[in-house]
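Residues per chain are reported as follows:
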Amino acid sequence: MLLKAYPATFTPEEDGGYFIQFPDVKGAYTGINEDDIAFGLSMAEEVLGLVLSSCIEDNEPIPNPSDINKLTAPPGGFVTMVKVDLEEYLKDTTPVKKTLTIPKWVNDLGNRCSVNFSKVLTNAIVAENLNRK
């Protein structure tokens, strides 16, 4: 899993519903025409996943999330964290075979612990990339 969480502001609209935006993520906003917060959170997760996965695929930096405690809720609205698993939104998930060399003791340890080597390598590469930006 490639989990990320960002604060979102829910601003009430005059005729009902909410305008939802992520202050830290340019272009990440959506809205709902009703007061169904669960639906709004679902919509917020989707737009966050689409925008952030696009950043990864386009080799653009992913912004750091703000401290939710330092954000001010809009009048009548609220601020909440929204979590997203970016793996669900990345487009090209075609497996690519790689050959690599690791010490035998690492291989043995990984096998004893039932490690998914592909998953560990994928997560490490993503983490390394995100830490460089």
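It should be emphasised that the depicted structure is a prediction, and the values quoted were computed from it without experimental measurement.

**Here's the deal with the packing of aromatic side chains**
Here comes step 1: For the coordinates displayed, the defined rule picks out four aromatic pairs.
Here comes step 2: Considering the side-chain rings of Phe10 and Phe78, the 4.6 Å spacing of their centres and the 20° angle between planes classify their relative orientation as stacked. Taken as a pair, Phe10 in strand S1 (residues 3–12) and Phe78 in strand S4 (residues 78–85) lie far apart in primary sequence, 68 residues in all.
Here comes step 3: Overall, the relative accessible area of 25% leaves Phe78 in the partly exposed class.
Here comes step 4: Grouped by ring-pair contacts, the aromatic residues Phe10, Tyr18 and Phe78 constitute a single cluster.

**A closer look at the sheet that holds strand S3 (residues 29–32)**
Here comes step 1: One open sheet holds the four strands; their spatial order is S3-S2-S1-S4, and the pairing between them is antiparallel. A single partner strand is all that each edge strand has here, and the edge strands are S3 and S4. With direction set aside, neighbouring strand axes in the sheet form an average angle of 30°.
Here comes step 2: The strands that helix H1 (residues 37–57) touches are S1, strand S2 (18–21), S3 and S4; relative to S4, the one it contacts most, it runs at about 55°.

Cut-offs used in this document
Residues numbered from 1 in each chain as written. Predicted model: local features only at pLDDT ≥ 70, side-chain atom pairs only at ≥ 80, totals over all residues. Heavy atoms only, no water. Phe/Tyr/Trp six-rings, centres within 6.5 Å; stacked < 30°, edge-to-face > 60°. Helix = DSSP H or I, 4+ residues; strand = E, 2+ residues; numbered from the N terminus. Buried < 20%, exposed > 50% of the residue type's maximum accessible area, 1.4 Å probe, protein only. Pairing = 2+ DSSP bridges. Axes fitted to C-alpha atoms, helices over the stretch in contact; angles between N-to-C directions. Contact = heavy atoms within 4.5 Å.

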